[in-house]
Amino acid sequence: MSNGQAHHANIQTQLGGMFTTHTTDGTITGGTFTYNESDMRTIINNWRELADSYDNSLDRAHRLARIEPPAEDFASRAHAAAANRSGDSYKHYVEHNRDYCSQQADLCQKALDHYLGIEQNNTIEISKTAPDGSRPRI
Amino acid sequence: MHPRRPLFLASLLSLALTSGCTIPSKGDPLPAGSSDATAPHTSSTAAELPYAGAPKVSDPLDTSTYEKDPCKSLTADQAEYLTLPRTGRPTENEVLGVGCDWRNEQTRGDVQIVFLVDDPRGLSPEYDADKRGEWEYFEELPNIEGYPAVIRLGTDDRDIGHCTVVVGVSDDMAFETILRLSKANVGQKDPCDKASEVAGMALKTMKEGA
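Nothing here was measured: the structure is a model prediction, and the numbers come from that model.

Draft legend 1. Focus on the overall build of chain A. Per the secondary structure count, chain A includes 4 helices and 2 strands. Walking chain A from its N terminus toward its C terminus, one meets helices and strands in the order α-β-β-α-α-α. Counting all 138 residues of chain A, 19% fall into the buried class. Considering only contacts within chain A whose residues lie at least 6 apart along the sequence, 55% involve residues at least 24 apart.

Draft legend 2. View of the confidence of the model for chain B. Residue and element names in this part refer to chain B. Overall, the prediction assigns chain B a mean pLDDT of 85, with 78% of residues at 70 or greater. Ignoring residues within four places in sequence, the model shows residues 12-22, a span with pLDDT below 50, making 1 contact including any to other chains. Low pLDDT, under 50, characterises residues 30-46; the predicted model gives this stretch 32 contacts beyond four residues in sequence or across chains.

Draft legend 3. The arrangement of the interface of chain B and chain A in detail. Tallying the contact residues gives 31 residues for chain B and 24 residues for chain A. Those elements that place two or more of their residues in the side of chain B that touches chain A are α4 (124-131) and β7 (173-180) of chain B. A class-by-class count of the residues in the side of chain B that touches chain A yields 15 nonpolar, 12 polar and 4 charged.

Draft legend 4. Structural detail: the packing of helix α2 (residues 37-63) of chain A against helix α3 (residues 74-116) of chain A. Residues and elements named next belong to chain A. The interhelical angle for the contact between α2 and α3, taken along N-to-C directions, is 160 degrees, at an axis separation of 8 Å. On the basis of the axis angle, α2 is roughly antiparallel to α3. In the packing of α2 onto α3, the handedness of the crossing is left-handed. Within the contact of α2 with α3, the residues separate by chemical class into 16 nonpolar, 6 polar and 6 charged.

Each value, and the rule that gives it
Residues numbered from 1 in each chain as written. Chains lettered and ligands numbered in written order. Predicted model: local features only at pLDDT ≥ 70, side-chain atom pairs only at ≥ 80, totals over all residues. Helix = DSSP H or I, 4+ residues; strand = E, 2+ residues; numbered from the N terminus. Buried ≥ 20, exposed ≤ 12 C-beta atoms within 10 Å, placed from the backbone. Contact = placed C-beta atoms within 7 Å. pLDDT = per-residue confidence, 0-100. Nonpolar A, V, L, I, M, F, W, Y, C, P; charged D, E, K, R; others polar. Axes fitted to C-alpha atoms, helices over the stretch in contact; angles between N-to-C directions. Parallel < 35°, antiparallel > 145°, perpendicular 65-115°, else oblique. Left-handed = near helix turned anticlockwise from the far one by under 90°.

Below, the structure is given as structure tokens:
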């Protein structure tokens, strides 16, 4: 067995037929979870919702850039600088989590598409070539 | 004991300075990075707007109705035209303002309009933040419906279809149009063009309702 095959077999063992069998909701087999199509769609939607929530937080965090030190004295400037560093860390944290959630949603979508035999990305790409009038306005 | 005297005096001075900071006094804070750094920091900012290079709004628009209910900023027909739900939902836990969200769950296209009512300085802080290098992307736009506007992005996410346009409707009031393109339009349409278009539609609604 080649390394690639071994790796593939390992993944299959870990996933325990996650995407290859329809099962009843909540069935646990050999320490792994199994999901049906509906579950997967819910999971994808939850990841997207989470990503959107982080996105909203990011928009609000950027708005905090409008806030400035109340005066030019040392205490005000030092406090503002510390607050800005904290704000920057928060923005990086939120941005990282947003990207992570989006990636998880995409991974789950790809897995579901693979199971269903649909190439979702291709579907989206094809829809992009559709006449402008047939696509959403925004 | 003598070598400790300077330390003692420094402590007293530090205490005096620190306690001075705790005495409340009336007045609005001025932004430290504003171009008018020599202005007294206890004066009212109302007379000093705009600053930091922000354009003056020559014909202020009364948006008080829409500040109370931002979901009126787009009519049901306008929202439908944009492939959004006909009614928006007020946003929760908004920062510095009040907002409304129109979101299409199917296409994942999304528009939010937020009035910055808790920071009544119009576009000035956006220009000021730009001078401080706060934005990854900042662009002054041609007037939208006669009002000055900018694109300002803390994180430049245009490649994934996100953009924010801020419009100054008066020297002390601005609203944000935050737009996320639907998945099918990412890479196909310019999110900032669409955000400007939506801001223009909202301004038309506000003008008619003013």
